[in-house]
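The residues making up each chain are set out below.
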Amino acid sequence: MTNLTTIVSVAGASFAASFVEAVEALTIVLAVGLARGWRPALTGAAAALAALALIVAALGPLLGAIPIRALQFIVGVLLLMFGLRWLRKAILRTIGVIALHDEDAAFQRETRELTAAERRQARGLDWIAGVTAFKAVLLEGIEVVFIVIAVGAARGLLGLASVGALAACVLVAVIGAAIHRPLARVPENALKFAVGVMLSAFGLFWTGESLGVDWPGGDAAILAFAALFLGVAAVLVVLLKPQLAEHA
Amino acid sequence: MIGAIVAQLIGLFVDDEFLATAILAAVAVAGALALSAAAPAWVAGLLLTLALPAALAASVVRSAWRASRETTGG
């Protein structure tokens, strides 16, 4: 039986992770739209959404055919690789080893590249712009689909995870349509930190469960694992940040 | 474009080879323990619980140390 901890964790992780991905996709689509017009931007984005729908329609039924233990193992290991990678990057950004992701900078860079392409090639501009929007939405969308499957499938909560992801994408799209600017004020690294912690906790839980581990406390162990990863990350930040500042 | 998409998809899971290898090694050892019944399942769970945060910490410390050396020119 699914308890409240699982429901909140699945919906929350799916919403937060999808929010970050949607913000990144929005930045590129906005850059294309403002630099080259909304027709190629929206056509590319719509084509990517159609491609994503096809991928989901094709792969979705396969999920039901995979035994639950095997699904938990595959999803658990992929979540560990995905979540710990996010968490590692968030820690490295917090301590200043790598630069913070800046939506304004990404927007400026994409606009510059599209403007440079305009000078080089007068024809086929819509095509280049459309493909840029298509690629951005497809790649970020695939990440959203993976996150939904990863946090939802192993507990039969795909619907709940999908609602969380859809709510995030709709929210970002509405805000983007309203302000026509990248969402630079979103605390992206803090969100990635939190999502990295949650996805790693889910990954550890499901990988262990697939190997027959009976975690103490059942699903509540996910929260304990989240606290463990958060604690380790906090210790790393506290220990490493001053040392790196000294050497800077 | 397909090549770039595939490369980015792999990049979703593998960024630091050390971390990716450490995760897979921890899972492989835990899996071998659990499936061979050489130890109770909780041992595999304990191994994952200790090894995965340790792998994260080692990966971050390695990157920070490398960055620090580059900054000081050492």
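Residues numbered from 1 in each chain as written. Chains lettered and ligands numbered in written order. Predicted model: local features only at pLDDT ≥ 70, side-chain atom pairs only at ≥ 80, totals over all residues. Heavy atoms only, no water.

1. Here's the deal with the overall build of chain B
Convention followed: Secondary structure follows DSSP: runs of H or I at least 4 residues long count as helices, runs of E at least 2 residues long count as strands, and numbering of each begins at the N terminus. With C-alpha atoms as the basis for the radius of gyration, the globule rule is written as 2.2 Å multiplied by the number of residues raised to the power 0.38. Exposure categories follow from relative accessible area, calculated using a 1.4 Å probe and restricted to protein chains: below 20% of the type maximum is buried, above 50% is exposed, and the middle band is partly exposed. The Shrake-Rupley method, run with a 1.4 Å probe, gives the accessible areas here. Residue values count only the displayed protein chains as cover.
Along its length, chain B carries three helices and zero strands. Helices and strands appear in chain B in the N-to-C order α-α-α. Here the C-alpha radius of gyration of chain B, 17 Å, is well above what a compact globule of 74 residues would show, namely 11 Å. For the C-alpha atoms alone, the extent of chain B along its principal axes is close to 50 × 40 × 15 Å. Out of the 74 residues belonging to chain B, those deemed buried represent 38%. Of the roughly 3900 Å² of accessible surface on chain B, a fraction of 71% belongs to carbon and sulfur atoms.

2. Section: the nonpolar core
Test applied: Here, nonpolar core means buried Ala, Val, Leu, Ile, Met, Phe, Trp, Tyr and Cys residues that are tied together by side-chain atoms lying within 4.5 Å of each other. Note on contacts: a residue pair qualifies if any of its non-hydrogen atoms lie within 4.5 Å across the two residues.
Formed by 72 residues in total, the largest nonpolar core has its most connected members in A:Ile91, A:Phe202 and B:Leu52. Where this core is concerned, the elements lending two or more residues are α1 (4-36), α3 (68-94), α5 (125-152), α6 (158-179), α7 (188-210) and α8 (221-247) of chain A together with α2 (17-36) and α3 (41-72) of chain B. Among the elements that line this core, the one with the most residues is α3(A), at 13 residues. When neighbours within four sequence positions are excluded, A:Phe202 is seen to be in contact with A:Ser9, A:Val10, A:Ala13, A:Leu79, A:Val151 and A:Ile222.

3. Focus: the side chain of A:Arg85
So the rule is basically this: Positive charges come from Lys and Arg alone, negative charges from Asp and Glu alone, with His and the N- and C-terminal ends not counted. The term salt bridge refers to a side-chain nitrogen of Lys or Arg lying within 4 Å of a carboxyl oxygen of Asp or Glu.
Along the chain, A:Arg85 falls in helix α3. Buried within the structure, A:Arg85 lacks any salt-bridge partner; its nearest side chain of opposite charge belongs to B:Asp15, at an N-O separation of 4.3 Å. Residues in contact with A:Arg85, not counting those within four places in the same chain, are A:Leu80, B:Gly11, B:Leu12, B:Phe13, B:Val14, B:Asp15 and B:Leu19.

4. Thoughts on the packing of α7(A) against α8(A)
Residues and elements named next belong to chain A. Note the cut-off: What counts as an axis is a line fitted to C-alpha atoms, over the stretch in contact for a helix, and the angles between N-to-C directions run from 0 to 180 degrees. What sets the label is the angle itself: under 35 degrees gives roughly parallel, over 145 gives roughly antiparallel, 65 to 115 gives roughly perpendicular, and the rest give oblique. Definitions for this section: a left-handed crossing has its near helix turned counterclockwise from the far helix by less than a right angle. A right-handed crossing has that turn clockwise. When residues are sorted by character, Ala, Val, Leu, Ile, Met, Phe, Trp, Tyr, Cys and Pro go into the nonpolar class, Asp, Glu, Lys and Arg into the charged class, and all the rest, Gly among them, into the polar class.
Two elements in contact, α7 and α8, have axes whose closest approach is 8 Å; the angle formed by their N-to-C orientations is 130°. Here α8 runs oblique to α7, going by the angle between their axes. In this structure, the crossing between α7 and α8 has a hand that is right-handed. On α8, the residues touching Phe-193, Val-197, Met-198, Ser-200, Ala-201, Phe-202, Leu-204 and Phe-205 of α7 are Ala-221, Ile-222, Phe-225, Ala-226, Phe-229, Leu-230, Ala-233 and Val-237. Here the contact of α7 with α8 is built from residues that sort into 15 nonpolar, one polar and no charged.

5. Considering the packing of aromatic side chains
Residue and element names in this part refer to chain A. In plain terms, the rule: What counts as a ring pair is set by centres within 6.5 Å for rings of Phe, Tyr and Trp (its six-membered ring), and what kind of pair is set by the plane angle: stacked under 30 degrees, edge-to-face over 60, tilted for all other angles. A ring has a charge above it when a Lys NZ or an Arg CZ is no more than 6 Å from the ring centre and no more than 35 degrees off the ring normal.
According to the stated counting rule, one finds five aromatic pairs over all chains in the structure shown. Taken together, a centroid distance of 5.1 Å and an interplanar angle of 65° make the contact between Phe-82 and Phe-146 edge-to-face. One end of the pair, Phe-82, is in helix α3; the other, Phe-146, is in helix α5, with 64 residues separating them in the sequence. On the basis of relative accessibility, which here comes to 13%, the residue Phe-146 falls in the buried class. Clustering of aromatic rings is evident, with ring pairs tying together Phe-82, Trp-86 and Phe-146. Over the ring of Trp-86 we find Lys-192, and its NZ or CZ is 5.4 Å from the ring centre.

6. Digging into unusual backbone geometry
Negative phi characterises most residues that are not glycine, and trans characterises most peptide bonds. Residue and element names in this part refer to chain B. Unusually for a residue other than glycine, Ala-37 sits at a positive phi of about 60°. Considering the arrangement of structural elements, one finds Ala-37 in the loop between α2 and α3. On the basis of relative accessible area, Ala-37 is assigned to the exposed category, the value being 62%.

7. What about the interface of chain B and chain A?
For an interface, size is often stated in terms of accessible area lost upon the parts coming together. For clarity, the threshold we go by: Accessible area that two parts lose when put together, evaluated with a 1.4 Å probe and summed over both, is termed the buried area.
Counting residues at the interface gives 37 residues for chain B and 39 residues for chain A. In this assembly, chain B packs against chain A so that about 3300 Å² is buried in total across both faces, 84% of it on carbon and sulfur atoms. For chain B, the biggest contributors to the area lost against chain A are B:Leu12, B:Phe13 and B:Leu56; these three give 20% of the whole. At the surface where chain B touches chain A, the tally comes to two salt bridges. For the side of chain B that touches chain A, the secondary-structure elements that each account for two or more residues are α1 (2-11), α2 and α3 of chain B. Of the residues assigned to the side of chain B that touches chain A, the class counts are 25 nonpolar, ten polar and two charged.

8. Observations regarding the pattern of salt bridges
Scanning the model with the defined rule gives three salt bridges over all chains in all. Close ionic contact of B:Asp15 with A:Arg88 constitutes a salt bridge, the shortest N to O distance being 3.4 Å. Here B:Asp15, found in the loop between α1 and α2, pairs with A:Arg88, found in helix α3, and the two come from separate chains. Residue class for A:Arg88 comes out buried when judged on its relative accessible area of 9%. One network of salt bridges, in which partners are shared, links A:Arg88, B:Asp15 and B:Asp16.

9. Quick notes on the side chain of A:Glu143
Assignment of secondary structure puts A:Glu143 in helix α5. It is A:Arg85 that comes nearest to the buried, bridge-free A:Glu143 among opposite-charge side chains, at 5.5 Å. In contact with A:Glu143, other than residues within four places in its own chain, are A:Glu21, A:Phe82, A:Trp86 and B:Leu12.

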